[in-house]
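Geometric and topological summary
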Amino acid sequence: MDLQLRGKRALVTGSTRGIGFAIAEALAGEGAAVIVNGRDADRTRAAGERLRERVPGADVAALPGDVADPAGIADLPEVDILVNNAGLFALTDFATLGDDEWQRYLDVNLLSAVRLSRELLPGMLERGWGRIVNIASESGVNVPAEMIPYGVTKAAMIALGNGLAKLTRGTAVTVNTVLGGPTYSDGVASVVESLAAAQGAPADAIKAAVIGENRTSLLERFIEPAEIASLVAYLATPLASATNGAALRADGGVLTTTL
């Protein structure tokens, strides 16, 4: 199927690895010009080179900068597609997590999307076409006790998408949110490896234990980043013109609460 993305330009935040890189690869594979983004300049440029290798002939640019910092990106280019993917997560202790740490979660997981959408949405509306896709999580609906800041900020991301969509009434611009389930991204792999090291157990055993505790999904496995990317790529296309203001689940059936 031709997703009709040739001639479109996309910015994917937090796209040097994991879900973000998978999204960038999916969009580039459909012919979109893709801007990869990350905080570290060398890592961002390396991600751009890696994407060119994986998608020969792709139009790829690197845009280093911390999207959580209001001054983190200068000269933000106009884009047709904005994917707000940058995110921070970790296992946390609610009782000991201070205000500074909470603010960091808000800056990375929510305010980065607020600032970029505020900057880029008006141009989409003026040009008459655009897509914003927010990457939230099933944790924004079913908030884990050990990841409260992450869940709270992802819940806010869902609300942000709902509100922004109302600003696009009567236009060909859409704003949607993807609720990913437990995905074996690089970040999750790092957490699993850390838990394995702390418990003196093999990483595969920890990964299997998480699945055994029903903390993944009806798939009985972790979701792959490319599976999240496929839904994002569709929402970014003209084919998804009738989908707006939606929170779409790509969670493998893990949620028990209906949105």
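See above for the structure.
Just so you know, these numbers come straight off a predicted model, no measurement behind them. (Residues numbered from 1 in each chain as written. Predicted model: local features only at pLDDT ≥ 70, side-chain atom pairs only at ≥ 80, totals over all residues. Heavy atoms only, no water.)

**Some remarks on helix α3 (residues 99-127)**
Three or four residues apart is the spacing at which side chains of an α-helix point the same way, because the helix has 3.6 residues per turn. As a reminder of what qualifies: Secondary structure elements follow DSSP: runs of H or I of four or more residues count as helices, runs of E of two or more count as strands, with numbering from the N terminus. A helix is expected to reach a length of 1.5 Å times the quantity of its residues less one. The angle between axes fitted to the seven-residue stretch ending at a residue and the seven-residue stretch beginning at it gives the bend at that residue.
For α3, which comprises 29 residues, the first-to-last C-alpha distance of 40 Å matches the rise-based estimate of 42 Å (1.5 Å per residue) to within 8%. Along its length, α3 shows its largest kink, about 45°, at L111. Looking one or two residues past α3, G128 carries a phi angle of roughly 95°, positive in sign.

**Quick word on the pattern of salt bridges**
The test is simple: In the sections that follow, a salt bridge refers to a side-chain nitrogen of Lys or Arg positioned within 4 Å of a carboxyl oxygen of Asp or Glu. Only protein chains enter the accessibility calculation, which uses a 1.4 Å probe; a residue whose area is less than 20% of its type maximum is buried, one above 50% is exposed, and one in between is partly exposed.
Summed over the entire model, instances satisfying the criterion amount to 8 salt bridges. With a closest N to O distance of 2.9 Å, D42 and R45 form a salt bridge. With a gap of 3 residues between them, D42 and R45 both fall in helix α2 (residues 41-54), about one helical turn apart. Residue R45 is classed as partly exposed on the basis of its relative accessible area, which comes to 45%. Among the salt bridges present, the one from R104 reaches D66, with a minimum N-O distance of 3.8 Å. Of this pair, R104 sits in helix α3 while D66 sits in the loop between β3 (60-64) and β4 (81-84), and the two are 38 residues apart along the sequence. Here R104 falls in the partly exposed class, since its relative accessible area comes to 29%.

**As for the pairing of strand β6 (residues 173-180)**
What counts is decided by this rule: When DSSP locates at least two bridges between a pair of strands, those strands are taken to pair.
For β6, the buried fraction is high: 8 of the 8 residues fall into the buried class. What you see with β6 is no split at all: V173, V175, T177 and L179 on one side and T174, N176, V178 and G180 on the other are buried throughout. When strand β5 (residues 130-137) meets β6, the two strands line up parallel, connected through 8 bridges. Within the sheet, the bridge partner assigned to N134 lies in β6 and is T177. Bridge analysis of β6 against strand β7 (residues 247-250) gives 4 bridges, and the strand direction is parallel. Paired with L179 across the two strands is R249, which belongs to β7.

**Looking at the packing of aromatic side chains**
For any pair of aromatic rings, the description consists of the separation of the ring centres together with the inter-plane angle of the planes. Put simply, the rule is: A pair of Phe, Tyr and Trp rings is counted when the ring centres sit within 6.5 Å of each other, with Trp represented by its six-membered ring. The angle between the planes then sorts it: under 30 degrees is stacked, over 60 is edge-to-face, the rest tilted. Only when the NZ of Lys or the CZ of Arg is both within 6 Å of the ring centre and within 35 degrees of the ring normal is a charge said to sit over the ring.
Within the structure shown, the criterion is met by 2 aromatic pairs. One Lys or Arg, K8, reaches over the ring of W129 and ends 3.9 Å from the middle of that ring. Its end group placed over the ring of F21, R50 keeps NZ or CZ at 4.2 Å from the ring centre.

**Re the nonpolar core**
Note the threshold: Remark: nonpolar core denotes a set of buried residues (Ala, Val, Leu, Ile, Met, Phe, Trp, Tyr, Cys) joined through side-chain atoms within 4.5 Å. Any pair of residues with heavy atoms lying within 4.5 Å of one another is described as a contacting pair.
Among the nonpolar cores identified, the biggest contains 34 residues, and I23, L27, V34, L51, V83, V178 and V232 are the most heavily contacted of them. With 7 residues, helix α1 (residues 18-29) is the largest single contributor of residues to this core. If we ignore the near neighbours within four places in the chain, the residues touching L27 are L5, A10, V12, A32, V34, V83, A233 and A236. L63, L110, L121 and L164 belong to the second-largest nonpolar core, a separate cluster that totals 24 residues.

**Section: the environment of A165**
In this fold, A165 is placed in helix α4 (residues 148-165). By relative accessible area, A165 is classed as buried at 10%. The residues contacting A165, other than those within four sequence positions of it, are V175, N244 and G245.

**Structural notes on the side chain of S15**
On the secondary structure map, S15 appears in the loop between β1 (9-12) and α1. Residues within four places of S15 in sequence aside, it is in contact with G20, F21, A24, I35, V36, N37 and A47.

**As for the packing of α1 against α2**
Each pair of packed helices can be described by the angle between their axes along with the distance between the axes. Defined as follows: Between N-to-C directions, angles cover 0 to 180 degrees, with each direction set by a line fitted to C-alpha atoms, over the stretch in contact for helices. For classification, angles of less than 35 degrees are called roughly parallel, those exceeding 145 degrees roughly antiparallel, those between 65 and 115 degrees roughly perpendicular, and all remaining angles oblique. Take the far helix as the reference: if the near one is turned anticlockwise from it by less than a right angle, the crossing is left-handed, and if turned clockwise, right-handed. For this classification, Asp, Glu, Lys and Arg are treated as charged, while Ala, Val, Leu, Ile, Met, Phe, Trp, Tyr, Cys and Pro are nonpolar and the rest, including Gly, are polar.
Two elements in contact, α1 and α2, have axes whose closest approach is 10 Å; the angle formed by their N-to-C orientations is 40°. Compared by their axis directions, α1 and α2 come out oblique. Helix-helix and strand crossings are classified by hand; for α1 and α2 the assignment is right-handed. Note on element contacts: α2 touches α1 through A47, R50, L51 and R54, opposite F21, A24, E25 and A28. Of the residues in the contact of α1 with α2, the class split is 5 nonpolar, no polar and 3 charged.

**Quick notes on the packing of α1 against helix α7 (residues 225-235)**
For the pair α1 and α7, interaxial distance at closest approach is 8 Å and the crossing angle is 50°. As far as their axial angle goes, α7 and α1 are oblique. Remark: the crossing between α1 and α7 carries right-handed chirality. Of the residues in α7, those in contact with G18, I19, A22, I23, A26 and L27 of α1 are P225, A226, I228, A229, V232 and A233.

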